[in-house]
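# Close look at the chain arrangement
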Amino acid sequence: MIRPRLSIVLPCYNEAANLPGVVERYREVWQDLPAELILVDNGSTDATAEVLASLIAQPAYRFARTVRVPVNRGYGYGIWQGLLAARGETLAFSHADQQCDAADVFT
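Below: a short report on this structure. (Residues numbered from 1 in each chain as written. Predicted model: local features only at pLDDT ≥ 70, side-chain atom pairs only at ≥ 80, totals over all residues. Heavy atoms only, no water.)

Let us look at unusual backbone geometry. Although it is not a glycine, N14 sits at a positive phi angle of roughly 50°. Its place among the elements puts N14 in the loop between β1 (6-12) and α1 (19-29). The class for N14 is partly exposed, based on a relative accessible area of 30%. You will see that Q98, though not glycine, has its phi angle at about 70°, which is positive. Looking at the secondary structure, you find Q98 in the segment after β4 (90-93). A relative accessible area of 47% places Q98 in the partly exposed class. (Helix = DSSP H or I, 4+ residues; strand = E, 2+ residues; numbered from the N terminus. Buried < 20%, exposed > 50% of the residue type's maximum accessible area, 1.4 Å probe, protein only.)

A water-sized probe rolled over the atoms picks out the places where empty space is left. Here the largest pocket is characterised by a volume of approximately 260 Å³. Every residue lining the largest pocket is counted, 15 residues in all, and those nearest its centre are W30, A35, E36, R62 and F63. Counting residues per element, the ones that place at least two in the lining of the largest pocket are β2 (35-42) and β3 (64-69). Here the residues of the lining of the largest pocket are counted per class, giving 10 nonpolar, no polar and 5 charged. (1 Å grid on protein atoms, 1.4 Å probe; cavity = no way out; pocket = protein on both sides within 12 Å on 5 of 7 lines; lining within 4 Å. Points joined across faces, edges and corners; volume = space filled by probe spheres on them. Nonpolar A, V, L, I, M, F, W, Y, C, P; charged D, E, K, R; others polar.)

Turning to the packing of α1 against helix α2 (residues 48-56), a few remarks are in order. The relative placement of two packed helices is expressed as an angle between their axes plus a distance between the axes. Interhelical geometry of α1 versus α2 gives an angle of 35° and a closest axis separation of 10 Å. You can see that α1 and α2 cross each other, and the crossing is right-handed. Residues L19, P20 and V23 of α1 lie in contact with α2, whose contacting residues are T48, V51, L52 and L55. Class assignment for the residues of the contact of α1 with α2 results in 6 nonpolar, 1 polar and no charged. (Axes fitted to C-alpha atoms, helices over the stretch in contact; angles between N-to-C directions. Left-handed = near helix turned anticlockwise from the far one by under 90°. Contact = heavy atoms within 4.5 Å.)

What follows concerns the nonpolar core. Within the largest apolar cluster, 26 residues are counted, with the highest numbers of intra-cluster contacts made by Y26, L37 and L39. Sorting the residues of this core by element identifies β1, α1, β2 and α2 as the ones contributing at least two each. No other element matches α1, which puts 5 residues into this core. Setting aside its immediate chain neighbours within four residues, L39 contacts L10, C12, L19, V23, L52, A64, R65, T66 and V67. V9, V40, V67 and A86 belong to the second largest nonpolar core, which has 6 residues in total. (Core = buried A, V, L, I, M, F, W, Y, C linked by side-chain atoms within 4.5 Å.)

This is the structure we're talking about:
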């Protein structure tokens with residue numbers, strides 16, 4: 001496996017409704033580089049886990065993987081857990097609630 005040049009961490013707390021659009025937007029703007037999108041289920045109580053499992057099972061989203069935090073301990077903790085799991089040379093984080101466009105990471 002090629003080590004990713006970039007790891008992008010998105011903490012997700014009760015974001016089941018937003019996740020399909022967020023992950024699709026990353027797919028739309030993904031550049032041709034070894035990178036990974038780490039979606040951190042940050043102790044969600046909605047269907048976030050199920051939605052994430054469904055999304056990452058799709059070949060179009062092979063750049064994404066998940067990390068599970070069993071109990072929400074805050075946004076920063078979710079970021080930290082994603083960064084700990086990251087394999088990239090460069091690390092980044094953003095929001096899963098669509099307040100930041102995925103293209104911002106690549107510009």
